Amino acid sequence: MLTSGYLPWDLPERQADSPVTKPILIVGSNPERMERKRTREPRKAALAVVTLAGFLLLVAAALYAMRSSFAPQAAEAHESQPQPARVEQQAPGAATPPAADGPVPCTGGEAAGYPCDNVELLAHLPLEIFGSRYGNDLWGWSDPETGNDYVLFGVDDGLAFVDITEPSVPVYLGKLPTRTYSNLWHDVKVYDDHAFVVSEASGHGMQIFDLRQLRDVTDPPVTFEETAHYDAFGRAHNIAINPETGYAYAVDTNEGQNCRRGMHIVDVGVPVDPAFAGCYEADGIVHDTQCVVYQGPDPDYQGREVCFNSSVDDLTIVDVTDKESPTRITSQTYDGLALVHQGWLTEDQRYFLSNDEFDEINYGMNTRIYIWDVTGLDAPELTGVYEGPTRSTGHNLTIRGDYVYAAHYTQGVRIYRLADLAQGRLEEVAYLDTYPANDAPGWYHGAWTACPCFDDPGIVAVSTIDNGLFIVRPQLPDG
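Because the structure is a prediction, the values reported are computed rather than measured. (Residues numbered from 1 in each chain as written. Predicted model: local features only at pLDDT ≥ 70, side-chain atom pairs only at ≥ 80, totals over all residues. Heavy atoms only, no water.)

J.: Would you take a moment to explain the side chain of H186 for this structure?
T.: Examined against the element boundaries, H186 turns out to sit in strand β8 (residues 186-191). Engagement of the side chain of H186 in a polar contact is seen with the backbone oxygen of V155, the distance being 3.3 Å. Polar contacts involving the side chain of H186 include one to the main-chain carbonyl oxygen of N183, which spans 3.1 Å. Every residue in contact with H186, bar those within four places of it in the chain, is listed here: N136, D137, V155, D156, G158, T178, V197, V198, S199 and H204. (Helix = DSSP H or I, 4+ residues; strand = E, 2+ residues; numbered from the N terminus. Polar contact = N/O pair within 3.5 Å; in protein donor to acceptor, adjacent residues only side chain to side chain. Contact = heavy atoms within 4.5 Å.)

Here you go:
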């Protein structure tokens, strides 16, 4: 069983046991005895070979019988398990096929075969469109000059760009290839019309891409080149950017200036000229973070830059105003903690909602969202825990307005109203199940991130590991 401090991608390779050489014992040097011994050795060796051959034949027969008995059941079970997508590279210039003939409403609890409630399916782009094997995180960019909306969709072999200005007729513009080699984990954020991309791939560093290039694509899909690159670290699991200050926070970094896998802080005020600004190391591994200029109810920290860290073994709040000497404000744990994964502040900065990626797997719990009252940053209080109807593993969540947009892997995107956070209550109001096969716990199938990342708050992009990109429009109670 994985423990709270041991991530699945950190598991070391098992080393083969070292061979043990038995010492040779010389018991005597009597010539007659040695002669008898030499004449007996060939007979003993031949007998040993015959005996071993017979034993191996018996073992082989037994194994064949077992295989014959269990093979049909095993094959049936294997076929029933969803398999990772295997796709071919798209031919240059190939058109983007529509997912359906226009938007598909949720009718009778279903939209184009996907279970749903109060969600209109605008478009679905399978992984075949991108020529990629796996999807991961995403972010959005609304062009301040043209008003066009774009999805930045992380895939195993890079970052794909999709124009969703007409959300039911998306256009795949092309891809920024990964810096080194393909890897399941990529992450991307946007600042000042530039994308910042990190990956778990060794030597990847941080790619920087000027998103204004997307305005000029006339013959998609095209292969893009990075605009700039930052190499003070190699691998990173995730990245956050505070748009108010122009600082990026790469977390769980490795190689180079790894900051002990905490937060590697980068000044990206001039996007194409990033500069190392500092480290935060006190938490050990930081899995994810959200950093803001604090304007919440605690007067002691108003105007300070504060990060809310999901640090695997605990939830920490850190004052990062001084980049050379960040200071931990508090550290919190909770019953049933397995791996503090990610979280998001409400817009009034009074509450922080977090998830735990392994509690369903390790402890048999149903999907949980933990609701923290952070009115006082020195002493957050867990006001309640929302528990879903299944054991699907909770992954990333974002908050916009009065709603939580949560990606629970095998349950797809779930949207909750912030009903009564003081009492620890959420109310599910809409969903689209992007992985109808099952609702089992685990992290290799289903939805990765659901984000209302665009100027139009009614458009939500949903990335999935094995089923591509979904564009949806929730029908919310007040919308």
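J.: Could you clarify how one ought to interpret the pattern of salt bridges in this entry?
T.: Oppositely charged side chains can pair when the atoms bearing their charge come close. Tallying each qualifying case throughout the model produces 15 salt bridges. For R328, the salt bridge identified is with D283, shortest N-O distance 2.8 Å. Placement of R328 in strand β22 (residues 327-332) and of D283 in the loop between β18 (275-280) and β19 (288-293) is noted, with a sequence separation of 45 residues between them. In this structure R328 comes out as partly exposed when scored by relative accessible area, which is 35%. Look at D283 and you get buried, because its relative accessible area is 12%. When the shortest N-O distance is used, the salt bridge between D319 and R304 registers 3.0 Å. Of the two residues, D319 is situated in strand β21 (residues 315-319) and R304 in the loop between β19 and β20 (305-310); the sequence distance between them amounts to 15 residues. Note on D319: relative accessible area 9%, which makes it buried. Within this structure, D143, E145 and R215 form a network of salt bridges that share partners. (Salt bridge = Lys/Arg side-chain N within 4 Å of Asp/Glu carboxyl O. Buried < 20%, exposed > 50% of the residue type's maximum accessible area, 1.4 Å probe, protein only.)

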